[in-house]
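One letter stands for each residue in the lines below.
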Amino acid sequence: MKCGGSTLAALPEAFFADLAELQAGGARPVIVHGGGPAISGNLEKLGIETEFVNGLRRTTEDVLDVVEMVLAGTINKLIVRRIQSAGGKALGLSGSDGSLIQAEPVANAAEVGLVGDVVRVEADIVAGILGMGYMPVIAPLGVDAGGQRYNINADTAAGAVASFIGAQRMIVVTDVPGILKTVDGVKTALPSVTFAEIEEMIADGEIYGGMIPKVRAAMKCIHGDVQEVVIVDGSEDRVLSRLLSGERIGTAIRR
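What comes next concerns the included structure.

Definitions and limits used
Residues numbered from 1 in each chain as written. Predicted model: local features only at pLDDT ≥ 70, side-chain atom pairs only at ≥ 80, totals over all residues. Heavy atoms only, no water. Pairing = 2+ DSSP bridges. Helix = DSSP H or I, 4+ residues; strand = E, 2+ residues; numbered from the N terminus. 1 Å grid on protein atoms, 1.4 Å probe; cavity = no way out; pocket = protein on both sides within 12 Å on 5 of 7 lines; lining within 4 Å. Points joined across faces, edges and corners; volume = space filled by probe spheres on them. Nonpolar A, V, L, I, M, F, W, Y, C, P; charged D, E, K, R; others polar. Core = buried A, V, L, I, M, F, W, Y, C linked by side-chain atoms within 4.5 Å. Buried < 20%, exposed > 50% of the residue type's maximum accessible area, 1.4 Å probe, protein only. Contact = heavy atoms within 4.5 Å. Salt bridge = Lys/Arg side-chain N within 4 Å of Asp/Glu carboxyl O.

Here we take up the sheet that holds strand β2 (residues 31-33). The strand order β5-β8-β2-β1-β11-β15-β16-β14 describes an open sheet built from eight strands, whose pairing is mixed. Edge strands, defined here as strands with exactly one partner in the open sheet, are β5 (90-94) and β14 (192-194). Sheet topology note: the strand β15 (residues 228-233)/strand β16 (residues 251-254) ladder contains three bridges and is antiparallel. In the strand pairing of β16, valine 230 is matched with alanine 252.

Set out below in structure tokens:
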């Protein structure tokens, strides 16, 4: 499951209670989170300029210091505390810990700086945490063999984690009801979309900005055991339980 940075502050306590109940009932959630708004806020306070290139934050060493502080510190521990306050068991870590997320520079690193693509996820670490009865809460940072840190788009990191641990479904928790398409002049959430439909919507401008890396990461992780990615609104009542019980909520992305 991926929780967007802009979503976290608005998620109701009921969401975490639902998550804790699912864990108590035998589900084994794995969370990868973002933290974009909090990163931007801290960069502004520190007077560090930042910009986005095709939905990815241009990352210098100075920016990366703040990204690591916010993601692996403030946001990660906030999520862990909220899960535990709701009765769940969670353990927070970043992709740097134990070389959990191993990365290399993205193809357009000259434009975006220290942004990484995932080359490997140590699935045994995730399995070990789950085996102890805890929910892994992972900050999307990566590291290479030389110890260089990388900022990784949270959707990209979540897709890679899902692929490497063999999850059949990845849930993307956002503040929108799914992928929206204009139907008869009204923005409507689509129940499902295929890869071809997504490419058409990107070309038409229906999917734009930060939503592009989100859907591309979803598409990239649909291989092997991962059959679908579902984008849902985390503020909906018991959205996780309803989804896992078979109710159709949000937008399912399938090949």
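It is worth spelling out the layout of surface pockets at this point. Its boundaries defined by the atoms lining it, the largest pocket holds a volume of some 860 Å³. Taken together, 36 residues form the lining of the largest pocket, with Lys2, Asp155, Gly210, Met211 and Lys214 sitting closest to its centre. Looking at the lining of the largest pocket, the elements with two or more residues in it are α1 (5-8), α3 (36-46), β4 (56-57), α7 (154-165) and α9 (211-221). Looking at the lining of the largest pocket residue by residue, the classes come out as 16 nonpolar, 13 polar and seven charged. The set of elements that each furnish at least two residues to the lining of the second largest pocket consists of α2 (13-24), α6 (123-131), α7, β11 (169-174) and α10 (239-244). Grouping the amino acids of the lining of the second largest pocket by side-chain chemistry returns 18 nonpolar, one polar and two charged.

Moving on, we come to the nonpolar core. Across soluble globular proteins, nonpolar side chains show a tendency to be buried alongside one another. The biggest cluster of nonpolar side chains holds 40 residues, and the ones touching the most others in it are Ile138, Ile179 and Ile253. At the level of secondary structure, the elements contributing two or more residues to this core comprise β6 (101-105), β7 (116-121), α6, α7, β11, α8 (195-204), α9 and β15. Setting aside its immediate chain neighbours within four residues, isoleucine 179 contacts Thr188, Ala189, Leu190, Val193, Met201, Ile207, Met211, Val215, Ile231, Thr251 and Ile253. Among the nonpolar cores identified, the runner-up in size contains 36 residues, and Leu71, Leu114, Leu141 and Val239 belong to it.

Before going further, it helps to examine the environment of asparagine 54. The topology assignment puts asparagine 54 in the loop between β3 (52-53) and β4. With 157 residues separating them in the primary sequence, asparagine 54 and methionine 211 have C-alpha atoms 9.8 Å apart.

All chains considered together, the criterion is met by 14 salt bridges. Notably, a salt bridge pairs aspartate 155 with lysine 2, separated by 3.3 Å at the nearest N-O pair. Taken together, the residues aspartate 155 in helix α7 and lysine 2 in strand β1 (residues 2-3) connect sequence positions 153 residues apart. According to the relative accessible area criterion, aspartate 155 is buried, its value standing at 5%. Judged by relative accessible area, lysine 2 falls into the buried class, the value being 5%. With a closest N to O distance of 3.6 Å, lysine 187 and glutamate 206 form a salt bridge. In this pair, lysine 187 is assigned in strand β13 (residues 186-189) and glutamate 206 in the loop between α8 and α9, connecting sequence segments 19 residues apart. Overlapping salt bridges, with partners in common, bring together Glu61, Asp65, Glu68 and Arg149 in one network.

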